[in-house]
Amino acid sequence: MSFRSVGRVLPTKGFLIRLRERTQLLKSGVEALKMKRDQLVRESQELLEFLKTRSEVEKKLEEAYRMLKLAYTAAGPTEMRKAALLTMPLLTEVKVRSVIGVEVPEIEFKEFHLAASPSLEAVVIAAARKFAEAVNELLPLINAEAKFERIAESLADTMRKVNALEKIIIPDHEAAIKYIEEALEEDMLEEFLRVKKYRDIKRREELG
Amino acid sequence: MVKAKVRYLAVRTHGLYSHLLDLDEMRSWALIDSDEELFNRMTNTDYGAFFEGPQDLSNVSKVEEAIYRSLSVRFRRLLSLARGTKMELLLRNFLSKYDIENLRRIVFSLTYGRTPEELYLIPIGGFKLDIGKLSKTTKVEHLVDLLEDRGLAKIIQGWYASEYREPYRLDLSLDSYYVRTLLSMLEGIRKSVVKKRSPAGQLILSYAESYIMRSALKALYLDIKGDEVTSIYGKLPFKRLMNVINSSSNINELLDNLLKIEPYKPYAYEIMEAMKEVGEPWVIEHTIQKKIYLESLRISLKRPVSEAYILKYLNATEWEAQNVKTILLGRISKISRDTLYKLLELPTTTSF
């Protein structure tokens, strides 16, 4: 006899004991996965409020782009190129943090220098500051979004596992246990009848 | 004889002034949608010669180049008229800010440039420094050796030798040097080109003060403390302004303090309004340029045929170039007409 998630089943006592142990382990695994699922749901719910700030950050970016356009208009391309020359490239570092066993990327600013030159036109400085402000707010949001994405992926994965265990694997194991128990009971009954018949024959022989 | 030469120059400057654009005409450009129509309107002005066709009005580089070249032509024309007079030195010193700006760009390019092509110079210059020769240097040390103006060389050398090479230190030192050069035209009785109390002297003092105010406003906007700014400037004759800068720790404080002083009040107010509206004091240049223009208008009226009028012409030229740049680049960037109008608005002094 074969069960999809158990494999070939041997109706022996040893196999039954191993199967019972395995089922017990699976049940405690389901409990642990449920706890992880609940924790992941809590974590993602905590992030939800923060993720709603995206529209505000987008608004700030829009403002920054508007200011950039104005800077380009008032200062001209040569001045903008000078500002670009004075701006150090943005340096970031990506770290990986573990949240309930889920690996989450986290970006940190290593160096973030604005073009700090009073010789630049104020409108250019204003555009740079607007961008810096927007980027400063964008970064935690990016981190939160990446975290949420990973948590959501992990949550889906965990729920799939819990469902598979609860709906397929554990029932399969329990069915296999039941099958072995029935088979063993049948064997025992057969054995009992055989012994009983043997005793009857023996008794008849002694009397006869 | 000397006075006659200056008078002659002033009269010729009146002629040059008549070539400047009328503000209403300039503002009407902001309303023109078609490049062709605008091109036709511009052909009759000094800028027309620098555009080959209407398509050039959509090209940012061509627009900027045309404005700079027209500015340069006007400066050169004035300098050629002033050749051999005492005014030539004053004009060269006044215009040396373009040389200093290009020098600053060369230094920044040599210090921070990632490729040799990253040298963006303004096509105006050569008033006191040979920018062509200086721009060919590949090291700051060579640049310092090549500089004939030892004052400038000392500033660059000191900055380059400093530990952090903060751009603002170089900027403020160069600004201070430029203002000192300008003010040196007023010092001494025999040597002075113009007398301190003459309208031209007043105009130079007012211009220098505005120049320092603009530089300080931007420095404080960049979160540099007021006392640090004044320590880099050194001793300058604008006691009231320097005290205000010195006692301010950020731009808001500086604007608040400027608001308490009558001559600075309207300009501080205008910058504060922009801050309220946009959150950033992005109009500093525009406001100060306006102040310079209005002040030069006011002072030059005292003596229309004098050195003051010649200096006023320079300020008016710069004001016009700034406005034309704003209109033409604003059209390309699709800035709304309202915003462009607001930028070109020139309030009368009585409206404050």
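Refer to the preceding data block for the structure.
Since this is a predicted model, take the numbers as computed values, not measurements.

For chain B, the count of helices and strands is 17 helices and 0 strands. A globule of 352 residues ought to have a C-alpha radius of gyration of about 20 Å, and chain B, at 20 Å, matches this closely. In terms of its C-alpha atoms, chain B occupies a principal-axis envelope of roughly 55 × 55 × 50 Å. Within chain B, the proportion of its 352 residues that are buried is 57%. Expressed as a percentage of contacts within chain B between residues at least 6 apart in sequence, the contacts between residues at least 24 apart total 64%. Total accessible area computed for chain B in this model is approximately 15,900 Å², and 51% of it derives from carbon and sulfur atoms. Charged side chains in chain B number 52 positive and 45 negative. The centres of these two groups are separated by 9 Å.

Next up on the list: a negative patch on the surface. A cluster of acidic residues, A:E182, A:E185, A:E186 and A:D187, forms a negative patch on the protein surface. Along the chain, the position of A:E185 falls in helix 4 (residues 122-207).

Residue and element names in this part refer to chain B. Here helix 13 (residues 251-259) crosses helix 14 (residues 265-278) at 145°, and the two axes come no closer than 8 Å. In this structure, helix 13 crosses over helix 14, and the sense of that crossing is left-handed. On the side of helix 13, the interface is formed by I251, N252, L255, D256, L258 and L259, while helix 14 contributes K265, A268, Y269, I271, M272 and M275. Taken together, the residues that form the contact of helix 13 with helix 14 break down as 9 nonpolar, 1 polar and 2 charged.

Okay, the interface of chain A and chain B next. Taken residue by residue, the interface counts 33 residues in chain A and 40 residues in chain B. Together, the buried faces of chain A and chain B total about 3,100 Å²; carbon and sulfur atoms form 64% of this surface. Of all residues in chain A, A:T73, A:L85 and A:P118 bury the most surface against chain B, accounting for 22% of the area lost on that side. Where chain A meets chain B, there are 4 salt bridges. Among the salt bridges present, the one from B:D223 reaches A:R129, with a minimum N-O distance of 3.7 Å. Across the contact surface, chain A and chain B share 11 residue pairs in polar contact (both at pLDDT 80 or more). Of all the secondary-structure elements, those providing two or more residues to the side of chain A that touches chain B are helix 2 (54-75), helix 3 (77-86) and helix 4 of chain A.

Glancing now at a nonpolar patch on the surface. Residue and element names in this part refer to chain A. Taken together, the side chains of L189, F192 and L193 define a hydrophobic patch exposed on the protein surface, amounting to about 330 Å² of accessible area. By the secondary structure assignment, L193 is in helix 4. By relative accessible area, L193 is classed as exposed at 51%.

The subject of this paragraph is the pattern of salt bridges. Taken as a whole and assessed by the stated rule, the structure comprises 41 salt bridges over all chains. Where A:K82 meets B:E101, a salt bridge forms, and the shortest distance between an N and an O atom there is 2.8 Å. Here the residue A:K82 occupies a position in helix 3, and B:E101 occupies one in helix 5 (residues 86-112), the pair thus bridging two chains. You'll find A:K82 and B:E101 in the same group, each marked buried. Here A:E191 and A:R194 are joined by a salt bridge, their closest N and O atoms 2.7 Å apart. Of this pair, A:E191 and A:R194 both sit in helix 4, 3 residues apart, which is roughly one turn of that helix. Overlapping salt bridges bring together A:E79, A:K82, B:E101, B:R104, B:R105, B:D171 and B:D175 as one network.

Parameters at a glance
Residues numbered from 1 in each chain as written. Chains lettered and ligands numbered in written order. Predicted model: local features only at pLDDT ≥ 70, side-chain atom pairs only at ≥ 80, totals over all residues. Heavy atoms only, no water. Helix = DSSP H or I, 4+ residues; strand = E, 2+ residues; numbered from the N terminus. Rg over C-alpha atoms; globule rule 2.2 N^0.38 Å. Buried < 20%, exposed > 50% of the residue type's maximum accessible area, 1.4 Å probe, protein only. Contact = heavy atoms within 4.5 Å. Areas by Shrake-Rupley, 256 points an atom, 1.4 Å probe, with all protein chains shown as cover. Lys, Arg positive; Asp, Glu negative; His and termini not counted. Charge placed at Lys NZ, Arg CZ, Asp CG, Glu CD. Patch = residues over 30% accessible without salt bridge, like charges linked within 9 Å, V, L, I, M, F, W, Y side chains within 5 Å. Salt bridge = Lys/Arg side-chain N within 4 Å of Asp/Glu carboxyl O. Axes fitted to C-alpha atoms, helices over the stretch in contact; angles between N-to-C directions. Left-handed = near helix turned anticlockwise from the far one by under 90°. Nonpolar A, V, L, I, M, F, W, Y, C, P; charged D, E, K, R; others polar. Buried area = accessible area lost by both parts, 1.4 Å probe. Polar contact = N/O pair within 3.5 Å; in protein donor to acceptor, adjacent residues only side chain to side chain.

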